[in-house]
Amino acid sequence: AGGSRAALWEKPEPQPDPGRRAKTETETDTRVVVITPPSVMDPAPVAPRPQPPGGSVREVYVAQYDYSARTNQDLSFNTGDTLVALDKSPGEWWLARALTGVSASKQGYIPANYVAPVESLDAQPWFFSETRRLESERLLMAEENQHGAFLIRKSESHAGELALSVLDNGKVKHYKVIKNESGQYCVSRNRAFKTLKELVEHYSRQADGLCVQLGSPCKKTEVPLPFSMSFDTVDQWEIDRKSIKLLKKLGAGQFGEVYEGLWNGTTAVAVKTLKAGTMDREDFLREAQIMKTLHHKRLIQLYAVCTMEEPIYIVTELMEHGSLLEYLQKDRGSTLHTSDQIEMAAQVASGMAYLELQNYIHRDLAARNILVGENNICKVADFGLARVFMKESDSVYEAKEGTKFPVKWTAPEAINENKFTIKSDIWSFGILLYEILTFGQMPYPTMTNFQTIQSLSQGYRMPCPPKCPKKLYQIMLDCWIEQAQDRPTFETLQWKLEDFFDLDVSSYDDASPY
Ligand code: ATP
């Protein structure tokens with residue numbers, strides 16, 4: 001197996017990374033010139049110098065989040081520190097030199113998604129790109145924020161649309177930010193500003209028709225994850241199992257146990273240990289190779305694997321609150337409002353829309369396979385593994401009464417003809433919506449698996465859960481359309497859920513002109 005193993009571990013062709021946001025028109029890279037381009041090998045601290053003629057061009061970035069070094073090759077930094085990018089070719093990790101802060105004048109690797117070009121819109125603490133209405137409400141309602149906290153959001157799917165969202169006495173108000181005929185920004189027709197920064201400065205000095213004078217920018221509580229644990233593990237993701245310390249058992253599934261672990265003594269991770277013989281190692285590695293290339297903020301990131309001995313370890317990001325099913329069933333579920341439930345569903349749809357774009361099928365979408373982090377963040381987990389397990393032992397997944405096959409989540413054509421497609425994932429998403437709206441109730445609660453299959457074939461569908469908005473129930477029914485091709489796409493589901501309360505203009509407040 002040595003030969004095939006080498007082939008399996010070849011680095012995949014570099015692909016455009018859809019998870020990484022393309023630079024927007026409004027962004028400007030500020031460039032400085034550094035006299036001697038420091039060598040990668042040169043550990044000597046070099047202070048930044050004034051721009052010389054003929055020097056090489058380096059880009060300056062501002063840290064958007066705090067980062068604590070995980071190895072002796074990377075740099076610790078805090079929000080607001082500035083760094084010069086020396087080599088961006090590694091992609092996910094850049095070689096950089098810190099200009100300010102705890103690592104000032106040191107060089108090392110930094111996660112590229114923690115920084116933004118200095119003075120760009122993305123570097124503004126109040127600018128939240130790709131943030132929709134419901135998400136902005138979740139972020140602003142976090143306990144770290146106070147009255148007057150605000151953000152300006154931009155949605156990539158609704159090109160050019162900007163909105164100002166403000167926390168006012170525990171409620172979030174939204175104002176459309178409009179660009180007038182002369183290209184200036186305004187929330188109220190009587191006052192226009194050349195830049196968003198000027199607009200923010202103005203309303204930070206006085207309410208001037210807004211519900212409240214702008215206070216502090218919304219806290220950026222959702223720290224993006226580096227795509228790998230460190231610069232080293234981007235390529236070398238078969239890691240020494242001695243580098244992982246298992247700390248605490250978090251749970252167990254049918255294929256093994258899950259632990260909270262610590263990698264390299266620095267980095268919290270989740271470690272899934274697979275029972276010996278649950279899957280074919282080569283099949284698993286092939287699948288893991290693909291999974292490693294999938295990056296999205298709503299997908300659990302696969303970091304590394306230990307496959308040289310049994311049990312196989314799968315090392316992923318750690319999610320504070322465990323599975324969505326447990327989360328819904330426990331006390332936290334009872335604190336959720338309908339808008340929270342819809343927002344969580346929208347997050348799952350967004351992760352799945354990414355998989356849809358990658359032509360990747362989940363095959364086991366259910367609340368037990370969604371994980372929850374701080375502030376109700378939901379991420380899709382266990383994608384791709386179902387396929388590997390299935391290949392290994394078809395009998396486990398047979399649609400028989402009493403087997404482990406998740407019959408109640410599976411589309412009829414997948415049960416009957418083994419046709420697993422993104423459209424069968426859509427069916428499962430409808431069941432997941434039902435789980436979310438019923439706080440983790442078993443679907444088809446009074447039926448056995450066999451009765452479920454029979455009833456579905458006669459056109460039966462679950463009734464609208466109590467307190468579920470009719471519009472949302474219609475989305476479930478759309479997911480359960482008999483003909484797979486007539487079901488919606490995840491992209492459509494994502495915007496329908498994200499815009500659930502945003503479809504009529506009256507959902508925006510007016511800045512009352514003086
Ligand atoms: P099955 O694998 O049988 O479908 P499952 O998905 O519940 O069931 P696992 O994926 O093995 O089983 O997970 C078991 C439990 O471990 C989960 O319910 C969750 O509470 C916890 N868990 C799994 N992965 C993580 C993670 N990345 N972070 C935090 N907790 C996790």
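Residues numbered from 1 in each chain as written. Predicted model: local features only at pLDDT ≥ 70, side-chain atom pairs only at ≥ 80, totals over all residues. Heavy atoms only, no water.

Turning to the pairing of strand E15 (residues 267–274), a few remarks are in order. Looking down a regular strand, the side chains alternate between one sheet face and the other. With respect to burial, E15 is a largely interior element, six of its eight residues being buried. Between the end of strand E14 (residues 256–263) and the start of E15, which pair antiparallel, lie three residues, with Asn-264 showing a positive phi angle near 55 degrees. Taken together, the five bridges between E15 and strand E17 (residues 312–316) define a ladder with antiparallel strand orientation. Within E17, the residue paired with Val-271 across the bridge is Val-315. (Buried < 20%, exposed > 50% of the residue type's maximum accessible area, 1.4 Å probe, protein only. Helix = DSSP H or I, 4+ residues; strand = E, 2+ residues; numbered from the N terminus. Pairing = 2+ DSSP bridges.)

As recorded in UniProt, the sites labelled "binding site: ATP" (unreviewed entry) are Lys-272. What makes Lys-272 partly exposed here is its relative accessible area of 22%. (UniProt positions renumbered as here; feature names shortened; annotations may be inferred.)

For sheets, the rule is that strands pair by backbone hydrogen bonds, running either parallel or antiparallel. An order of E13-E14-E15-E17-E16 is seen for the five strands of this open sheet, with the pairing classed as antiparallel. Lying at the two open borders of the sheet, with one neighbouring strand each, are strand E13 (244–253) and strand E16 (302–306). Strand-to-strand twist across the sheet, computed as the mean angle between neighbouring axes with direction ignored, equals 25 degrees. The sheet contact formed by E13 and E14 spans eight bridges and is antiparallel. Bridging from a neighbouring strand, Lys-245 pairs with Leu-262 of E14. With respect to the sheet, helix H4 (residues 281–293) is in contact with E16 and E17, its orientation differing from that of E16 by roughly 160 degrees. (Axes fitted to C-alpha atoms, helices over the stretch in contact; angles between N-to-C directions. Contact = heavy atoms within 4.5 Å.)

The next point concerns the pattern of salt bridges. Where charged atoms of side chains with opposite charge meet at close range, the side chains can pair. Across all of its chains, the model carries 20 salt bridges by this definition. The salt bridge partner of Glu-343 is Arg-138, with a shortest N-O separation of 2.7 Å. With Glu-343 in helix H7 (residues 338–357) and Arg-138 in helix H2 (residues 133–140), the pair connects residues that are 205 residues apart, well separated along the chain. For Arg-138, a relative accessible area of 10% corresponds to the buried category. As a salt-bridge pair, Glu-222 and Arg-298 come within 2.8 Å of each other at their nearest N and O atoms. Residue Glu-222 is located in the loop between helix H3 (196–205) and E13, and its partner Arg-298 is located in the loop between H4 and E16; the two are separated by 76 residues in the primary sequence. (Salt bridge = Lys/Arg side-chain N within 4 Å of Asp/Glu carboxyl O.)

It is worth spelling out the site of the ligand at this point. With respect to spatial proximity, 19 residues lie near the ligand, and among them Gln-254, Lys-272, Met-319, Glu-326 and Asn-369 are the closest. Within the backbone of Met-319, a nitrogen or oxygen atom sits 2.9 Å from a nitrogen atom of the ligand. One of the side-chain N or O atoms of Asp-382 is found 3.2 Å from an oxygen atom in the ligand. For the ligand, whose unbound accessible area comes to 600 Å², protein coverage reaches 88%. Those elements that place two or more of their residues in the shell around the ligand are E13 and E15. Considered class by class, the residues forming the shell around the ligand number seven nonpolar, seven polar and five charged. (Near = heavy atom within 4 Å. Polar contact = N/O pair within 3.5 Å; in protein donor to acceptor, adjacent residues only side chain to side chain. Areas by Shrake-Rupley, 256 points an atom, 1.4 Å probe, with all protein chains shown as cover. Nonpolar A, V, L, I, M, F, W, Y, C, P; charged D, E, K, R; others polar.)

It is worth spelling out the nonpolar core at this point. Counting residues in hydrophobic clusters, the biggest one holds 77 residues, and the most contacted among them are Leu-324 and Phe-429. Each of domain 3 (236–316) and domain 4 (324–498) contributes no fewer than three residues to this core. Setting aside residues no more than four positions away along its own chain, Phe-429 makes contact with Ala-345, Val-348, Ala-349, Leu-365, Cys-479, Phe-490, Leu-493 and Leu-497. Leu-75, Trp-93, Tyr-114 and Val-118 belong to the second largest nonpolar core, which has 26 residues in total. (Core = buried A, V, L, I, M, F, W, Y, C linked by side-chain atoms within 4.5 Å. Domains from an automatic or database assignment.)

We now examine the packing of aromatic side chains. Any pair of aromatic rings gets described here by the distance separating the centres and the angle formed by the planes. Following the criterion strictly, the structure yields 10 aromatic pairs and no others. When the ring of Tyr-65 is compared with that of Tyr-114, the centres are 5.7 Å apart and the planes differ by 70 degrees; the resulting orientation is edge-to-face. Pair noted here: Tyr-65 is in the loop between strand E2 (56–63) and strand E3 (82–87) and Tyr-114 is in the loop between strand E5 (107–111) and strand E6 (115–117), with a separation of 49 residues, a long-range link. For the pair shown, Tyr-65 and Tyr-114 are each scored as buried. Relative to Tyr-114, the ring of Tyr-67 has its centre 5.5 Å away and its plane inclined at 80 degrees; by these criteria the two rings are edge-to-face. With Tyr-67 in the loop between E2 and E3 and Tyr-114 in the loop between E5 and E6, the pair connects residues that are 47 residues apart, well separated along the chain. The pair formed by Tyr-67 and Tyr-114 is uniform in burial state, with each residue classed as buried. Three or more aromatic residues joined by ring pairs make a cluster, and in this case those are Tyr-65, Tyr-67, Phe-77, Trp-93 and Tyr-114. The cationic tip of Lys-220 hangs over the ring face of Phe-128; the distance from NZ or CZ to the ring centre is 5.2 Å. (Phe/Tyr/Trp six-rings, centres within 6.5 Å; stacked < 30°, edge-to-face > 60°. Lys NZ or Arg CZ within 6 Å of the ring centre and 35° of its normal.)

Now for H4. Between its terminal C-alpha atoms H4 stretches 19 Å, which fits the 18 Å expected from 13 residues at 1.5 Å a residue. Glu-282, Asp-283, Phe-284, Leu-285, Glu-287, Ala-288, Gln-289, Met-291 and Lys-292 are the residues of H4 that are buried. (Expected span 1.5 Å × (residues − 1).)

As a packed pair, H2 and H7 sit with axes 10 Å apart at the nearest point and diverge in direction by 115 degrees. For the pair H2 and H7, the crossing hand works out as left-handed. Along its contact with H2, which presents Leu-134, Glu-135 and Arg-138, the element H7 presents Ser-339, Ile-342, Glu-343 and Gln-347. Its residues assigned to classes, the contact of H2 with H7 shows two nonpolar, two polar and three charged. (Left-handed = near helix turned anticlockwise from the far one by under 90°.)

A contiguous patch of negative charge on the surface is contributed by Glu-143, Glu-144, Glu-320 and Glu-374. Tracing the sequence through the fold places Glu-320 in the loop between E17 and helix H5 (324–329). Note on Glu-320: relative accessible area 51%, which makes it exposed. (Patch = residues over 30% accessible without salt bridge, like charges linked within 9 Å, V, L, I, M, F, W, Y side chains within 5 Å. Lys, Arg positive; Asp, Glu negative; His and termini not counted. Charge placed at Lys NZ, Arg CZ, Asp CG, Glu CD.)

So, about H2. Within H2, seven of the eight residues are buried, leaving the element largely enclosed by the surrounding structure. Within the sequence span of H2, burial applies to Arg-133, Leu-134, Glu-135, Ser-136, Arg-138, Leu-139 and Leu-140. Of the surrounding secondary structure, the elements contacted by the buried residues of H2 are strand E7 (127–129), strand E8 (150–154), strand E9 (162–168), strand E10 (171–179), H7 and helix H13 (490–498).

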